[in-house]
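Below, each chain spelled out in residue letters.
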Amino acid sequence: MALSKKEGSSYFVLEAVGKDVSKTSLDEFLQKSLDQNGQPKVIVGRLKPEYQALIPAALRLAELELGKPYDSFFDLENDAYYCSELIHLSFQKANEGKAIFDTPPMTYLDPDTGEIFSIWEEYFDKLGVPVPEGEPGLNPGGMSTSPVLDIVFDYQDISDH
């Protein structure tokens, strides 16, 4: 997930990825995850009109976080950011502290067994912290269905033609 920004005639994204919050060219961002046809696995969401006035401030606030560390813990309370968190908190700050995206309880449970997926147990064990089951958070899939967004383009549709 990322926020797009135009500077002059160039487009960039602000994203929390890898080791930190970064500014990446749009072309580089689109090439990070490709399908079997070489198309980006990216969907584009646009805030509904009643929230669009928040965009300039949210972009400025996200830029203030450039260089901050990536949030491997998925913790909304620390001074690090994961992809969805950067977007959520930038808009929350731009909206005078009122969230526009929901932060439902995160789950790491296998729906078939009710047990935590082993990959998540291993991931958080390496970090030396418990799995944050039930803690508030966000993820790209959940945010893509947010009532404040309209999905306006899906790069996967290009490969269908």
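The following paragraphs examine the structure supplied in this document. (Residues numbered from 1 in each chain as written. Predicted model: local features only at pLDDT ≥ 70, side-chain atom pairs only at ≥ 80, totals over all residues. Heavy atoms only, no water.)

With respect to the pattern of salt bridges
Here is step 1: Summed over the entire model, instances satisfying the criterion amount to nine salt bridges.
Here is step 2: Its salt-bridge partner being Lys23, residue Glu7 comes within 2.7 Å of it at the nearest N-O pair. In this pair, Glu7 is assigned in strand S1 (residues 3–7) and Lys23 in strand S3 (residues 20–25), connecting sequence segments 16 residues apart.
Here is step 3: Owing to a relative accessible area of 27%, Glu7 belongs among the partly exposed residues under this scheme.
Here is step 4: The residue Lys48 makes a salt bridge to Asp150 at a minimum N-O spacing of 3.9 Å. Note that Lys48 is positioned in the loop between strand S4 (43–47) and helix H2 (55–63) and Asp150 in strand S5 (residues 149–154), a separation of 102 residues in sequence.
Here is step 5: On the basis of relative accessibility, which here comes to 33%, the residue Asp150 falls in the partly exposed class.
Here is step 6: Three or more residues are tied together by salt bridges with common partners; here these are Lys5, Glu7, Lys23 and Glu63. (Salt bridge = Lys/Arg side-chain N within 4 Å of Asp/Glu carboxyl O. Helix = DSSP H or I, 4+ residues; strand = E, 2+ residues; numbered from the N terminus. Buried < 20%, exposed > 50% of the residue type's maximum accessible area, 1.4 Å probe, protein only.)

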